[in-house]
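# Analysis of the macromolecular model
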Amino acid sequence: MTPGPELSGPQAADEFQSDPYAPEVGELPEQSAQDSEKVNKTGTTTIGISTSEGVVIATDMRASLGGRFVSNKNVQKVEQIHPTAALTLVGSVGGAQSFIRTLRAEVNLYEARRGEDISMKALSTLAGNFARGGPFFAINPILGGVDDDGHHVYSIDPAGGVMKDDYTVTGSGLTVAYGTLEDRYEEDMTNEEAKEVAAASINAAAERDTGSGNGIYLADVTAEGVDINGYDFDELL
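Residues numbered from 1 in each chain as written. Predicted model: local features only at pLDDT ≥ 70, side-chain atom pairs only at ≥ 80, totals over all residues. Heavy atoms only, no water.

With an unreviewed UniProt entry as reference, the protein is termed Proteasome subunit beta, source organism Haloarcula amylolytica JCM 13557. The UniProt entry for the protein carries this comment under Function (unreviewed entry): "Component of the proteasome core, a large protease complex with broad specificity involved in protein degradation." The UniProt entry for the protein carries the following text under Catalytic activity (unreviewed entry): "Cleavage of peptide bonds with very broad specificity." (UniProt positions renumbered as here; feature names shortened; annotations may be inferred.)

Following this line, the structure appears as structure tokens:
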């Protein structure tokens, strides 16, 4: 009789254990430099400012391929994800859009299950966890929102770090934008005053950063809601 295939013994317990720090939603395959150049990226300059009335978020409108070719001149890089909060798109367009869809779905589930809106502290923590554990390629968004505890601006880095500040800048034009922003920023600005400061900062970045330009989107966030509009620089400056 021909012996049959050997049966494997019982699996050790550690064979069933997974790395608790590994992404839960999936992993991206490794990309070559050539592949990265084909990915639409927002390049970008995005700004968040906490004000006496709420939060102002500003972004430019340009998307590029490899940072050298302008692939789109009218990209809306800020989206409402909560009744009184908005999030910017920074990094690869696909990763940022997927991140926003996932976060918005979780916000809606939270509201449906608990009958109340999620707080900004909880929302920023959730965003950081997703950035760290999900397949969202090269993102660095700004979250700005209003809740019962006040007005909040957070930057979220690709590793999931969450930092709160009165104002923040992310994207390829941040070094230029920060100079203008810090020169003009004042505590307790109104939303209208913050819009002017943010527009000047985005415009300064667009003068030097090839990944930024073509206009500006402004999100006006208050306790009443989120209002997002696009402008040419000439309309604001």
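## Some thoughts on the overall build of the protein
Of regular secondary structure, the protein possesses six helices and 13 strands. When burial is assessed residue by residue, the protein has 44% of its 237 residues classed as buried. Counting only contacts in the protein whose residues sit at least 6 apart along the sequence, the fraction spanning at least 24 positions is 66%. Surface accessibility of the protein: about 12800 Å² in total, with carbon and sulfur atoms responsible for 45%. (Helix = DSSP H or I, 4+ residues; strand = E, 2+ residues; numbered from the N terminus. Buried < 20%, exposed > 50% of the residue type's maximum accessible area, 1.4 Å probe, protein only. Contact = heavy atoms within 4.5 Å. Areas by Shrake-Rupley, 256 points an atom, 1.4 Å probe, with all protein chains shown as cover.)

## Some details on the sheet that holds strand 12 (residues 216-222)
Spatial strand order, 11-2-3-12-13: five strands in an open sheet with antiparallel pairing. Two strands lie at the open edges of the sheet, namely strand 11 (167-171) and strand 13 (225-231), each paired on one side alone. Averaged over all neighbouring strand pairs, the angle between strand axes comes to 15 degrees, with direction disregarded. As paired elements, strand 2 (residues 45-50) and strand 11 share five bridges and run antiparallel to each other. In the sheet register, threonine 46 faces strand 11, and the bridge partner there is threonine 170. Against the sheet, helix 5 (residues 191-208) contacts strand 2, strand 3 (55-60) and strand 12, and its axis sits at roughly 155 degrees relative to strand 2. (Pairing = 2+ DSSP bridges. Axes fitted to C-alpha atoms, helices over the stretch in contact; angles between N-to-C directions.)

## Things to note about the environment of isoleucine 49
Along the chain, the position of isoleucine 49 falls in strand 2. Through-space distance from the C-alpha of isoleucine 49 to that of histidine 152 is 8.5 Å; in sequence the pair is 103 residues apart. In this structure isoleucine 49 touches Gly54, Val55, Val56, Val153, Asp166, Tyr167, Leu181, Tyr185, Met189, Ala194, Val197 and Ala198, once residues within four positions along its chain are discounted.

## Quick look at the packing of helix 2 (residues 93-114) against helix 3 (residues 120-133)
When two helices pack together, their arrangement is given by the angle between the helix axes and the distance between those axes. Taken N-terminus to C-terminus, the directions of helix 2 and helix 3 make an angle of 140 degrees; their axes are 11 Å apart at the nearest point. It follows from the interaxial angle that helix 2 and helix 3 lie oblique. Once helix 2 is placed against helix 3, the crossing between them reads as right-handed. For the pair formed by helix 2 and helix 3, the contact residues are Phe99, Thr102, Leu103, Glu106 and Val107 on the first element and Leu123, Leu126, Ala127, Phe130 and Ala131 on the second. Grouping the amino acids of the contact of helix 2 with helix 3 by side-chain chemistry returns eight nonpolar, one polar and one charged. (Parallel < 35°, antiparallel > 145°, perpendicular 65-115°, else oblique. Left-handed = near helix turned anticlockwise from the far one by under 90°. Nonpolar A, V, L, I, M, F, W, Y, C, P; charged D, E, K, R; others polar.)

## Structural notes on the UniProt feature "active site" (unreviewed entry) in the protein
Sites flagged by UniProt as "active site" (unreviewed entry) map to Thr44. In this structure, threonine 44 sits in the loop between strand 1 (40-41) and strand 2. A relative accessible area of 0% means that threonine 44 is categorised as buried.

## Observations regarding a negative patch on the surface
Where like charges cluster on the molecular surface, the negative patch consists of Glu53, Glu186, Glu193 and Glu196. Along the polypeptide, glutamate 193 turns up in helix 5. (Patch = residues over 30% accessible without salt bridge, like charges linked within 9 Å, V, L, I, M, F, W, Y side chains within 5 Å. Salt bridge = Lys/Arg side-chain N within 4 Å of Asp/Glu carboxyl O. Lys, Arg positive; Asp, Glu negative; His and termini not counted. Charge placed at Lys NZ, Arg CZ, Asp CG, Glu CD.)

## Concerning the pairing of strand 7 (residues 85-88)
If a strand is regular, its side chains alternate between the two faces of the sheet. What you see with strand 7 is no split at all: Ala85 and Leu87 on one side and Ala86 and Thr88 on the other are buried throughout. Where strand 6 (residues 78-82) lies against strand 7, four bridges are found, and the strand directions are antiparallel. In the strand pairing of strand 7, glutamine 80 is matched with alanine 86. Once strand 6 ends, the chain turns through two residues before running back antiparallel as strand 7. Relative to strand 8 (residues 142-147), strand 7 runs antiparallel, the two sharing three bridges. Bridged to alanine 86 within strand 8 is glycine 144.

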